[in-house]
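Topology and contacts: notes
Chain by chain, the residues:
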Amino acid sequence: MRRLAPRPLASALEGVARDAAPATLLARVQGVWSTVAGDQLAAAAAPVSEREGVVTMACESAVWAQELELLAPDLLPRLNAALGAGRDAPPDSAARASVTRLRFVTGSAPNPS
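Note that the coordinates shown come from a computational prediction; the quantities given were computed from them, not determined experimentally.

**Observations regarding the overall build of the chain**
Scanning the chain from N- to C-terminus turns up four helices and three strands. When the helices and strands of the chain are placed in sequence order, the string is α-α-α-β-β-α-β. In the chain, buried positions account for 33% of the 113 residues. Counted over contacts in the chain with a minimum sequence separation of 6, partners at least 24 positions apart contribute 62%. Roughly 7600 Å² of accessible area belongs to the chain as shown, and the carbon and sulfur atoms make up 55% of that amount.

Right under this line is the structure:
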């Protein structure tokens, strides 16, 4: 089938970006964090490390760390749902891994640019 108009660059690169993304749990969390947390929370905290399912979030202040700690029981299932943890992935792959706990620390949260 012949195209009548050029395809938008964003849609052409969508598949390339998805295939080039690292398959680690941290990278996947970083990719969905702003969608799960919302703009305000994502601006105040960012995923910075992961070990055995525990994701550490750097928060811009102790107040934000405390607030997010209180929100963690709501954020964790939403995060795992956004990750699609376990769906259609081999048993030992990073794509099957899920976040078991969120840990919030005071530190400089990277600014999304």
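**A short note on the sheet that holds strand 1 (residues 45-51)**
Spatially, the three strands line up as an open sheet ordered 1-2-3, and their pairing is mixed. The two strands at the open ends of the sheet, each matched to only one other strand, are strand 1 and strand 3 (101-106). Averaged over all neighbouring strand pairs, the angle between strand axes comes to 30°, with direction disregarded. In this sheet, strand 2 (residues 54-59) lies alongside strand 1 in antiparallel orientation, the contact comprising six bridges. If you follow P47 over to strand 2, its bridge partner there is M57. Sheet strands in contact with helix 2 (residues 25-37) are strand 1 and strand 2, and its direction is about 165° off that of strand 1.

What counts and how
Residues numbered from 1 in each chain as written. Predicted model: local features only at pLDDT ≥ 70, side-chain atom pairs only at ≥ 80, totals over all residues. Heavy atoms only, no water. Helix = DSSP H or I, 4+ residues; strand = E, 2+ residues; numbered from the N terminus. Buried < 20%, exposed > 50% of the residue type's maximum accessible area, 1.4 Å probe, protein only. Contact = heavy atoms within 4.5 Å. Areas by Shrake-Rupley, 256 points an atom, 1.4 Å probe, with all protein chains shown as cover. Pairing = 2+ DSSP bridges. Axes fitted to C-alpha atoms, helices over the stretch in contact; angles between N-to-C directions.

Any functional reading would require information beyond the geometric quantities listed.
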